[in-house]
Amino acid sequence: MFAISLGDEDGAELRPLEPWQAEEFLAHMDRGRDYIGRYVGLPDVTTDLAATRKWLQVFADKAAADTGRLYGIWLGERLVGGVMFRVFDSANGTCEAGCWLEPGASGRGLVTRAVRVLIDWAFDVRGMHRVEWHVASENRPSINVAKRLGMTRDGVLRGNDLYKGVRQDTEIWSVLAEEW
């Protein structure tokens, strides 16, 4: 397995997340289920070991098909969050990055550092043209990540997402290869 350092100051690392890590992922999700689930449905689809393994397998299959990627953020030996290419369309040169983090790890810049690694790889190694960031308009921490990464707010999809019985707006942010 490989690990990519996210900086020496706290020893944070980015590592692949795979189905064999379902128990560790489920324990991580249980630590942050309410916090993570405020804006994203990940906690709703990783409710037990079988469902968690199935979700991780979806991303293993996406990686094999070159249509997505999934990485965990570790502080020492503890999984505290993750980043992903939810969508990866190499033929069109576009992808969508996403993230989550348990509450005890927030405020350290972990997501910003991890997504920067993903964007570097997408542009420098894979030759992608555009990286998108879709975020609920109420999710200020995630919007701040997009801003710190130098993304541009492309627009708002008004009332497009029915989440937990409430319509929410989705902001679309992006960065192009030539801007990176």
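Below you will find a few notes about this structure.

Criteria and cut-off values
Residues numbered from 1 in each chain as written. Predicted model: local features only at pLDDT ≥ 70, side-chain atom pairs only at ≥ 80, totals over all residues. Heavy atoms only, no water. Helix = DSSP H or I, 4+ residues; strand = E, 2+ residues; numbered from the N terminus. Rg over C-alpha atoms; globule rule 2.2 N^0.38 Å. Buried < 20%, exposed > 50% of the residue type's maximum accessible area, 1.4 Å probe, protein only. Contact = heavy atoms within 4.5 Å. Lys, Arg positive; Asp, Glu negative; His and termini not counted. Charge placed at Lys NZ, Arg CZ, Asp CG, Glu CD. Phe/Tyr/Trp six-rings, centres within 6.5 Å; stacked < 30°, edge-to-face > 60°. 1 Å grid on protein atoms, 1.4 Å probe; cavity = no way out; pocket = protein on both sides within 12 Å on 5 of 7 lines; lining within 4 Å. Points joined across faces, edges and corners; volume = space filled by probe spheres on them. Nonpolar A, V, L, I, M, F, W, Y, C, P; charged D, E, K, R; others polar. Core = buried A, V, L, I, M, F, W, Y, C linked by side-chain atoms within 4.5 Å. Salt bridge = Lys/Arg side-chain N within 4 Å of Asp/Glu carboxyl O.

## Focus: the overall build of the protein
The helix and strand tally for the protein stands at five helices and eight strands. Going residue by residue from the N terminus, the α and β elements of the protein occur as β-β-α-α-α-β-β-β-α-β-α-β-β. Against the 2.2 N^0.38 benchmark of 16 Å for 180 residues, the protein shows a C-alpha radius of gyration of 16 Å, consistent with a compact globule. Projecting the C-alpha coordinates of the protein onto the three principal axes gives extents of approximately 40 × 40 × 35 Å. Put simply, the protein has 180 residues, and 46% of those count as buried. Considering only contacts within the protein whose residues lie at least 6 apart along the sequence, 58% involve residues at least 24 apart. Of the charged side chains in the protein, 22 are positive and 27 negative, and the gap between their average positions amounts to 4 Å.

## Section: the packing of aromatic side chains
Per the stated rule, a full pass over the model turns up eight aromatic pairs. Note on Phe85 and Trp121: the rings are 6.0 Å apart at their centroids and 35° apart in plane angle, and the pair reads as tilted. Separated by 36 residues along the polypeptide, Phe85 in strand β4 (residues 78–89) and Trp121 in helix α4 (residues 110–125) bring together distant segments of the chain. Phe85 gets classed as buried once you look at its relative accessible area, which sits at 0%. By relative accessible area, which is 25% here, Trp121 ends up partly exposed. Through successive ring pairs, a cluster of aromatic residues spans Phe25, Trp55, Phe59 and Trp100.

## Overview of unusual backbone geometry
The phi dihedral of Asp66 falls on the positive side, at around 60°, and the residue is not glycine. The phi dihedral of Lys164 falls on the positive side, at around 55°, and the residue is not glycine. The topology assignment puts Lys164 in the loop between β7 (152–163) and β8 (166–176). Judged by relative accessible area, which is 55%, Lys164 ranks as exposed.

## Comments concerning the layout of surface pockets
The volume enclosed by the largest pocket comes to roughly 1,000 Å³. The wall of the largest pocket is formed by 41 residues, among which Val40, Cys99, Trp100, Asn139 and Ser142 lie closest to the centre. Per-element tally for the lining of the largest pocket: the top contributor is strand β5 (residues 94–101), with six residues. Tallied by class, the residues present in the lining of the largest pocket amount to 23 nonpolar, 11 polar and seven charged.

## Quick notes on the nonpolar core
Counting 33 residues, the largest nonpolar core has Ile73, Val83, Leu110, Ile119, Val131, Trp133 and Met151 as the members making the most contacts within it. Where this core is concerned, the elements lending two or more residues are β2 (12–16), β3 (69–75), β4, β5, α4, β6 (130–136), α5 (140–148) and β8. The greatest single-element share of this core, amounting to eight residues, is contributed by α4. Aside from chain neighbours lying at most four places away, what touches Met151 is Ile119, Val131, Trp133, Ala146, Trp173, Ser174 and Val175. Grouped together as the second largest cluster of nonpolar side chains are 14 residues, Phe25, Trp74, Leu79 and Trp100 included.

## Focus on the pattern of salt bridges
Applying the stated rule across the entire model yields 13 salt bridges. As a salt-bridge pair, Arg15 and Glu13 come within 2.9 Å of each other at their nearest N and O atoms. Owing to a relative accessible area of 11%, Arg15 belongs among the buried residues under this scheme. Each of Glu9, Asp10 and Arg113 takes part in a single network of salt bridges with overlapping partners.

## Describing the environment of Ala114
Of note, Ala114 is situated in helix α4. Judged by its relative accessible area of 0%, Ala114 is buried. With near-sequence residues (within four places) excluded, Ala114 lies in contact with Leu6, Leu14, Ile73 and Val83.

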